[in-house]
Amino acid sequence: MLRRSNSLPDESIIENASAMNHLSRRFAIAPMMEWTDRHCRFFHRLLTRRALIYTEMITTGAVLRGDRARLLGYDPAEHPVALQLGGCDPRQLAESARVAADFGYHEVNLNVGCPSDRVQEGRFGACLMAEPALVGDCVAAMKAAVAIPVTVKCRIGIDDQDPEQALDALTHAVKAAGVDALIVHARKAWLEGLSPRENRDIPPLDYDRVYRLKAAHPDLSIALNGGIIDLDQAATHLSRLDGVMMGRAAYQEPWRLLAVDRELFGVPSPFATPRTAAEALIPYIEREVARGVRLHAITRHTLGLFRGVPGARAFRRHLATEAVKPGADAATFRAALAHVVDMDAQVAHTAAA
Ligand SMILES: Cc1cc2nc3c(=O)[nH]c(=O)nc-3n(C[C@H](O)[C@H](O)[C@H](O)COP(=O)(O)O)c2cc1C
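These figures come from a predicted structure and were not determined experimentally. (Residues numbered from 1 in each chain as written. Predicted model: local features only at pLDDT ≥ 70, side-chain atom pairs only at ≥ 80, totals over all residues. Heavy atoms only, no water.)

### Topic: the overall build of the protein
- For the protein, the count of helices and strands is 18 helices and 8 strands.
- Taking 20 Å as the expected radius of gyration for a compact globule of 353 residues, we find that the protein reaches 21 Å, a close match to that expectation.
- With respect to the principal axes defined by its C-alpha atoms, the protein has extents near 65 × 45 × 40 Å.
- Here the protein, with 353 residues, has 54% of them falling under the buried criterion.
- In the form shown here, the protein has an accessible surface area of approximately 15200 Å², with 53% of it arising from carbon and sulfur atoms.
- Side chains of the protein carry 42 positive and 42 negative charges; the gap between the two charge centres is 4 Å. (Helix = DSSP H or I, 4+ residues; strand = E, 2+ residues; numbered from the N terminus. Rg over C-alpha atoms; globule rule 2.2 N^0.38 Å. Buried < 20%, exposed > 50% of the residue type's maximum accessible area, 1.4 Å probe, protein only. Areas by Shrake-Rupley, 256 points an atom, 1.4 Å probe, with all protein chains shown as cover. Lys, Arg positive; Asp, Glu negative; His and termini not counted. Charge placed at Lys NZ, Arg CZ, Asp CG, Glu CD.)

Right, dumping it as structure tokens:
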């Protein structure tokens, strides 16, 4: 169990943290389509300096033929940031990895976990769990192309696969190809009959399967993903694994990220309160709105920042109605923030009285 705020994490956590720092994989925020765009990542980076942050999945077709500046551009403040690729052609993946490295990404990750129909039609994502040799070829090609780390995010199996065999086969293939880390979403994907959303909840989680994998491969960096809702759970997994990846809990309740640096890395949080972090977003909002970005595109990622704080609902409602209007700008965000009761100011006021 972790000690809570205002106390330092115990020494083993600090030691482990510094040992992992150069890898930056101890705590990651998951790749999430439509969610972890560049505005979201900039905002998350204000809340934690140490987490590894992932882009949304981008297909090799988009990387090689799309508008690269729009698809791959990011703010240097986001670092360390990893690009997640969707694809199954070793040559295209190698070329895309090269583009990622040229753009300055910290890591390139191959998606072997997405179950959507579109992805299945392209024969990539989770269905690659059935083709470990091909995944190995993809990783080998990417490794040969770039010096940045190449990682894989996978499931424990698909459909009627036996997770013991399926995950072992995939792990052996990517390890032989030189993969730098494996991130395992600890549930199967069922490709027939479940939507992508259902595939994030219905197939049962099996953390023990991932622990067994780590025990069998102590030399391979293995991170666990799926169903982690707070930092105590993250710390528990970290006692057995190299890293954790948090998805929905990080996005829907971003205030949790404000404790990551302190609790998992033993360094101070970037900001004392969610409110001061939100205020630090204002110069970014001003810059981006001046460039033509709509306020809502940025502030939609902040809606869960004040969960449990008085005024949080009014903050959300203000943004939901006002941030979508033409002309909405940093003043709109400031007005939304004014609804949130500044707990620190209240404490100071009470103390002075
Ligand atoms: C809206 C949304 C979009 C997602 N998009 C991706 C994606 O692009 N690539 C990927 O590997 N996983 C994607 N995922 C899955 C997450 O990365 C993660 O594996 C999953 O949500 C389980 O982790 P969690 O329980 O911590 O949320 C997505 C999840 C959500 C909620």
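### Focus: the site of the ligand
- As a matter of local geometry, the ligand sits amid 17 residues, with Gln84, Asn225, Gly227, Gly247 and Arg248 nearest to it.
- Expressed as a share of its isolated accessible area of 610 Å², the protein-covered part of the ligand is 92%.
- Taken together, the residues of the shell around the ligand sort by class into 7 nonpolar, 7 polar and 3 charged. (Near = heavy atom within 4 Å. Nonpolar A, V, L, I, M, F, W, Y, C, P; charged D, E, K, R; others polar.)

### Looking at the sheet that holds strand 1 (residues 27-29)
- Around the barrel, which closes on itself, the 8 strands sit in the order 1-2-3-4-5-6-7-8 with parallel pairing between neighbours. Pairwise comparison of adjacent strand axes, ignoring direction, gives a mean angle of 25° for this sheet.
- Summarising the sheet, strand 5 (residues 150-155) and strand 6 (residues 181-185) pair through 5 bridges and their orientation is parallel. Within the sheet, the bridge partner assigned to Arg155 lies in strand 6 and is His185.
- Sheet strands touched by helix 2 (residues 38-47): strand 1, strand 2 (52-59) and strand 3 (81-86). Its angle to strand 2, the strand with the most contacts, is close to 170°. (Pairing = 2+ DSSP bridges. Axes fitted to C-alpha atoms, helices over the stretch in contact; angles between N-to-C directions. Contact = heavy atoms within 4.5 Å.)

### Here's the deal with the pattern of salt bridges
- For the coordinates displayed, the defined rule picks out 23 salt bridges.
- The partner of Arg307 in a salt bridge is Glu253, and the shortest N-O contact between them spans 3.1 Å. With Arg307 in the loop between helix 15 (295-299) and helix 16 (312-322) and Glu253 in the loop between helix 11 (248-252) and helix 12 (260-265), the pair connects residues that are 54 residues apart, well separated along the chain.
- By relative accessible area, Arg307 is classed as partly exposed at 43%.
- Here Arg275 ties to Glu279 by a salt bridge, and the two come within 3.3 Å at their closest N and O atoms. Taken together, the residues Arg275 and Glu279, both in helix 13 (residues 274-280) and 4 residues apart, mark about one turn of the helix. (Salt bridge = Lys/Arg side-chain N within 4 Å of Asp/Glu carboxyl O.)

### Considerations on the confidence of the model for the protein
- Per-residue confidence for the protein averages 91 on the pLDDT scale, and 90% of its residues sit at or above 70.
- Across residues 1-23 the pLDDT falls below 50, and counting only partners more than four positions away or on other chains, this stretch makes 33 contacts in the model.
- Note that residues 347-353 has pLDDT below 50 and, in this model, 0 contacts with residues that lie over four places away or in other chains. (pLDDT = per-residue confidence, 0-100.)

### Side note on the pairing of strand 3
- Where burial is concerned, most of strand 3 is hidden: 6 out of the 6 residues are buried.
- Burial along strand 3 is two-sided: the face carrying Val81, Leu83 and Leu85 and the face carrying Ala82, Gln84 and Gly86 are both buried.
- Summarising the sheet, strand 2 and strand 3 pair through 5 bridges and their orientation is parallel. Looking across to strand 3, one finds that Ile58 is bridged to Leu85.
- In this structure, strand 3 lies alongside strand 4 (residues 107-112), joined through 4 bridges in parallel fashion. Bridging from a neighbouring strand, Leu85 pairs with Leu110 of strand 4.
- With helix 5 (residues 90-102) bridging strand 3 and the parallel strand 4, this β-α-β connection has right-handed handedness. (Right-handed = clockwise from strand over helix to strand, strands pointing away.)

### Topic: the pairing of strand 4
- Most of strand 4 sits out of view: 6 of its 6 residues are buried.
- Taking every second residue as pointing to the same face, both faces of strand 4 are buried, with Glu107, Asn109 and Asn111 on one and Val108, Leu110 and Val112 on the other.

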